[in-house]
Every structure is written in structure tokens, then in C-alpha cells.
Amino acid sequence: MPEQRSVRVAADDIVVVGTGMAGLITALSLAPRPVTLITKTSTLESGSSLWAKGGIAAAVGPGDSPEAHAEDTLTAGAGLSDRRRALALTREGADSLRLLVQEGVPFDRALDGTLELAREAAHGRPRIVHAGGDATGRVIMSALIERARRTPSIKILRSAFAHELVVQDGAVRGLLVFEHGKGWSQRHASHVVLATGGIGMAWWHTTNPAESTGDGLAIAARAGAQLTDLEFMQFHPTALAVNTEAGNANLPLLTEALRGAGALLVDQAGKRFMSAVHPAAELAPRDVVARAIEQKITAGGSVYLDMRPVIANGLAGEFPEAVHACRDAGLDPATDLLPIVPAAHYHMGGIHVDDDGHTSLDGLWACGEVANTGVHGANRLASNSLLEAVVYARRVAAGIQRAPALRDEQPLPIQEAPEVPVPGTEKRLDLIIAATRSAVSRHVGIVRSGVGLQRALQQFRVLDAQLGKIAMCQVQDA
């Protein structure tokens, strides 16, 4: 076997793949039990959690209740959410906030010391808790990353790509990993947790970072795990439309809370249009707002976010990330209308899990965006994603602690490492990726049709054949 394809064997207790909020909280909640935490990026500062501009939803304000929060969740989910799980999630909101405070997260507070609560689209009451204004994700992640680095039981592998699950007798027993500069290793483990995030990079316009490529879904599917509700992708209505022709990842997100603070949606003539679409106007559910904007753009128009009312009310300091993004793009939110475009934002579907985050395969768990808990239905309620990440990460950790240890009754087979790409392959793969993103954006976007989906399927078959030819060339050249 060539040196670059040799596989080292390592023994782990628990492997967690992904270092967003769900992965970090899982690892921290398992301490002092040993955990190997894997990220394909070179630093822990990665994943969509880092870029969360909204906050975390919890019914902790006066006159609010978990039941009211759950009802808003069900309404936003278009009748396809799991009622029991939605209520269970919202009832754990206060405990989730307490956990994050214990982990060192400095949430924004009013002058009297109470948590400052904001309102976002489709929420009936102010229940969104922020940290650092619209930099909530970065503030929370900074605290969690620091805790993970100081936790002796957590071993961190950076620049390590999870390639394949090791399955024996229907149970997941480990993971085949490629570490940059070190080569292949097979991590034998009693439990593998996938917290790999979303699939935003499948679309041309996305708020997700470049690493959101659906790796966790792919390896779970190849291992035979059940995946559900994959068709439900949420598009954030208000991504700042800068450099969109390049298909850049992580378009600047203008948080939903801006509209809660008075920002308006207007067309190229400067006229509001959402009042004619939905009784809640700018505060309608995300899918409603995104479709309305998409229809305007498809008809040849332009749509803008008018942030001037927010500035006029002296609230610019609550949205430092939005102001910074606008100024970086050469726009002044105090005077300019801000061009926006809907962008792929959050995947409601994913790896099917039970109440504890356990998948259909023994030994395999999932939490965060890669998992489908049934809470979000067809459309996630704003700021429920961070809440779900905390709740299900803790449930996964508790489930693993209760689970019996797997016994090595027979040796595990060593997975064969893939071929090393031959020169020139990268350019051909980049062309296939670009064509895939184009087809998904054109035919599997906000508004879909049977004809469009058939066209997409035909294009995917052609692209799959091209991938097969590349693989065959590699085998012949090896």
C-alpha cells in the first residue's frame, strides 16, 4: 500500500465531529469523560454558530411562557413541527441560558441587570436574548472555545476531515479521518457524534461559511442512517447583496432583529410592500418574507432594507455587526438603502434523531443543524437554532452517559483510504461544484416546481457521471 494511503489506528472513547455550538457543548457536557473533538478547519473559530447575528430564544420575560413560545414555533413551522418536541424544547429555554451564563457568556442586560429581550419575526413576544448586540454567535462561541481549550478531557484535532463511518453489525464503531500533514487515521470509538452543521454551500447565495458543505449528511447516508425532511431549506430574507455574482459564501446577514427594531423593506421606488403580503408585514415568518422578496427580484425589481429608522431612533449601537458590514461594502446605513437578496441560511432537515439525539444506527448521535429533531417543521422560527443546539447537545451527552459501553467482541475491519487525487483533478472538481450550485440555485431554490426539479435531477445525473469518470481516471493512474 502506498505511504499516503496507509491508515493509522487510534482508540477513542467518544468522537465529536464539528466545533460549532452543538459540538462544543456536547464535548463540554461530557467532561471529564475523554472526548476527541474534530474540525476540518485550521482553527476552532469556524462553523455557522460563529456568524449567528440573531440571539437565542427563551420564554423568560414577563407575561411569556414556554407554551406561547411553542405555539409560535408551530405556526412558523407551517404545521409540520412535532408539537411534543417543540414544547419540550421551549421548556428548556431558561436552563439553556443558565448553562451559557455558567460557561461565561456575557449576555446583554438592561440597566436593572435583567436580560435584555428583543423581538424578531414571527415571535409573539420579546424573547430573544443577545450578546454583543448582533454579534451573539461570536460572543457565545468565544466563551465556549476558551472553555474547551482549558478542559483537559477534550482532545482537539484541527484540519481533520471526517471521511467515513466505521460500521460493524449495524453499529457505528468509529470514523475514518484524514488529518492535514499527518495522513489517514481510523478512530475507533464507542460513540460518534455528528455536529457538522448545514448545507448552505449547495446554493449560490448563502449566509453560511465555506465549510457548510453537508459532510455529516453524506457520511451518515453512506453508513445507512435515516435522513428526513431534506427538502426543507430556510432562506434568510435579508442578506446584504454584495459580490453576489461570485457565489461567495457567508454573505453578510442583516439580522431579523433590525426589522424588529423598525427597519423596513422597500422596493426600488422606496415603497413598502410587505403590508400587502402579510398582516405582520416586515415581521412575517421568514419563508413568507423571503418569497415576497424573491418574487420582486425575479420580476426584474430590486429590494432594499431601510435601516434609517433604526439609526434615527438611536439604536445603531445595538447592531455593530450590521453597521460594520454595510460600511465595509461602501454603504452608510444612516443615509443609504441597503440592497438585499434572500440567501440559503438554515437546513431544517437532516439526520433523523430521537428525543436524546440518537440516530437510527447504534453508536451514532447527531445534534445541531445536521440533525432533524422535528422541532422546526418546514420553517425554523428565528433564534430557535441556538436554543436547539444547546438543548440537544446536552441531551446527546446525557444519552451517551447512560448508554452501555460497547465491547470489542471481534476486531474492527480497517477501512481502505481513498486514492490521492491526481494532478488537475481539483480544477475539474471545482467546475462540477460550480455547476451543482448553479443547478440547485436555479431549480431547488425558494420557489420550486415539478418541471424545475426534473431539470435539476437531469443535471445532477450528468454531473454524477462526470464525477465517476474522474474517479475512474484516478484508479487507472494510481
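An account of the accompanying structure is given in this report. Quick caveat: nothing in here was measured; it's all calculated off a predicted structure. What you see as residue numbers is a count from 1 along each chain, following the sequence as written. Since the coordinates come from a predicted model, pLDDT governs what is reported: local features require at least 70, and pairs of side-chain atoms require 80 or more to be given and counted, while whole-chain, interface and lining totals use all residues. Side-chain metrics rest on all non-hydrogen atoms present in the structure, leaving aside hydrogens and water.

1. With respect to the overall build of the protein
Reasoning step 1: Helix and strand labels come from DSSP, where a helix needs a run of H or I of at least four residues and a strand needs a run of E of at least two; each type is numbered from the N terminus. The helix and strand tally for the protein stands at 13 helices and 19 strands.
Reasoning step 2: A compact globule built from 478 residues should have a C-alpha radius of gyration of about 23 Å, and the protein, at 22 Å, falls within 12% of that.
Reasoning step 3: With the C-alpha coordinates of the protein rotated into their principal frame, the extents come out at 65 × 50 × 40 Å.
Reasoning step 4: Sorting the 478 residues of the protein into buried and exposed places 53% on the buried side.
Reasoning step 5: Look at the contacts in the protein between residues 6 or more apart in sequence, and 72% of them connect residues 24 or more apart.
Reasoning step 6: When the accessible surface of the protein is split by element, carbon and sulfur atoms take 53% of a total near 20200 Å².
Reasoning step 7: For the purpose of charge, His is not counted, nor are the chain termini; Lys and Arg are scored as positive and Asp and Glu as negative. A single reference atom marks each charge: NZ on Lys, CZ on Arg, CG on Asp, CD on Glu. Side-chain charges in the protein split into 45 positive and 51 negative, and the spacing between the mean points of these groups amounts to 1 Å. Radius of gyration means the value over C-alpha atoms here, while the globule rule gives 2.2 Å times the residue count to the 0.38 power. The classification of residues rests on relative accessible area computed with a 1.4 Å probe and restricted to protein chains. Under 20% of the type maximum is buried, over 50% is exposed, and intermediate values are partly exposed. We call two residues in contact when some of their heavy atoms are within 4.5 Å. Residue burial considers only the protein chains on display, and all accessible areas are found by Shrake-Rupley using a 1.4 Å probe.

2. Describing the sheet that holds strand E2 (residues 14–17)
Reasoning step 1: Ordered in space as E7-E3-E2-E11-E18, the five strands form an open sheet in which the pairing is parallel. Each edge of the open sheet carries a strand with a single partner, namely strand E7 (154–157) and strand E18 (364–366). Going across the sheet, the axis of each strand differs from the next one's by a mean of 20 degrees, ignoring polarity.
Reasoning step 2: For helices, the fitted axis covers only the stretch in contact; all axes are lines through C-alpha atoms, and the angles between them, taken along N-to-C directions, range from 0 to 180 degrees. Running at roughly 160 degrees to E18, helix H11 (residues 384–402) makes contact with E2, strand E11 (191–194) and E18 of the sheet. For two strands to be treated as a pair, DSSP must find at least two bridges joining them.

3. Notes on helix H3 (residues 83–91)
Reasoning step 1: Regarding H3, the residues found buried are Arg85, Ala86, Leu89 and Thr90. Summarising the axial view, the buried residues of H3 lie within an arc of 130 degrees, below the 170-degree limit, and thus occupy one face. More than 90 degrees from the buried face of H3, the exposed residues found are Arg83, Arg84 and Arg91.
Reasoning step 2: Tucked inside the fold, the buried residues of H3 contact helix H2 (66–76), helix H4 (93–102) and H11.
Reasoning step 3: For this analysis, a polar contact is any N or O atom pair within 3.5 Å, provided that within protein one partner can donate a hydrogen and the other can accept it, and provided that sequence-adjacent residues contribute only side-chain to side-chain pairs. Where H3 begins, the capping side chain belongs to Asp82, and its oxygen is found 3.1 Å from the backbone nitrogen of Arg84. Summarising the geometry, the arc corresponds to the directions from the helix axis toward the C-beta atoms.

4. Overview of the nonpolar core
Reasoning step 1: Of all hydrophobic cores here, the largest spans 47 residues; its most connected members are Met21, Ile56, Leu100 and Phe107.
Reasoning step 2: Among the secondary structure elements, those contributing two or more residues to this core are E2, helix H1 (21–30), strand E3 (35–38), H4, helix H5 (136–149), E7 and H11.
Reasoning step 3: Ranked by residue count, the leading element in this core is H11, at 10 residues.
Reasoning step 4: Residues contacting Ile56, with those up to four places away along its chain left out, are Leu97, Leu100, Phe107, Arg127, Ile128, Val129, Ser383, Leu386, Leu387 and Val390.
Reasoning step 5: Among buried residues, the Ala, Val, Leu, Ile, Met, Phe, Trp, Tyr and Cys ones that are joined through side-chain atoms within 4.5 Å form a nonpolar core. Grouped together as the second largest cluster of nonpolar side chains are 34 residues, Ala189, Leu194, Ala344 and Val444 included.

5. What about the pattern of salt bridges?
Reasoning step 1: By definition, a salt bridge exists where a carboxyl oxygen of Asp or Glu is found within 4 Å of a side-chain nitrogen of Lys or Arg. Under the counting rule described, the total for this entry stands at 25 salt bridges.
Reasoning step 2: Shared partners join several salt bridges into a network, and the residues in it are Arg8, Asp12, Glu179, Lys182 and Arg187.

6. Comments concerning unusual backbone geometry
Reasoning step 1: Going from Ala31 to Pro32, the amide bond is cis rather than trans, its omega being 10 degrees.
Reasoning step 2: Among the structural elements, Pro32 can be located in the loop between H1 and E3.
Reasoning step 3: Positive phi is not limited to glycine here, since Ala281 has a value of about 50 degrees.
Reasoning step 4: You can see Ala281 is positioned in the loop between strand E14 (264–267) and helix H8 (286–298).
Reasoning step 5: Residue Ala281 is classed as buried on the basis of its relative accessible area of 9%.

7. Re the pairing of strand E8 (residues 160–168)
Reasoning step 1: The pairing of E8 with strand E9 (residues 171–179) spans eight bridges and is classified as antiparallel. Directly across from Ala162, in E9, lies its bridge partner Val177.
Reasoning step 2: The antiparallel pairing of E8 with E9 creates a hairpin that spans two residues between the two strands, and Asp169 there sits at a positive phi of about 55 degrees.

8. Quick word on the packing of H1 against H5
Reasoning step 1: Here H1 crosses H5 at 35 degrees, and the two axes come no closer than 10 Å. Crossing hand, H1 versus H5: left-handed. Counted together, Met21, Leu24, Ile25 and Leu28 of H1 and Ile140, Met141, Leu144, Ile145, Arg147 and Ala148 of H5 form the full contact between these two elements.
Reasoning step 2: Here the residues of the contact of H1 with H5 sort into nine nonpolar, no polar and one charged. In this scheme, a crossing is called left-handed if the near helix is turned counterclockwise away from the far one by less than a right angle; it is called right-handed if the turn is clockwise. Side-chain classes follow a simple rule in which Ala, Val, Leu, Ile, Met, Phe, Trp, Tyr, Cys and Pro form the nonpolar group, Asp, Glu, Lys and Arg form the charged group, and the remainder, Gly included, forms the polar group.

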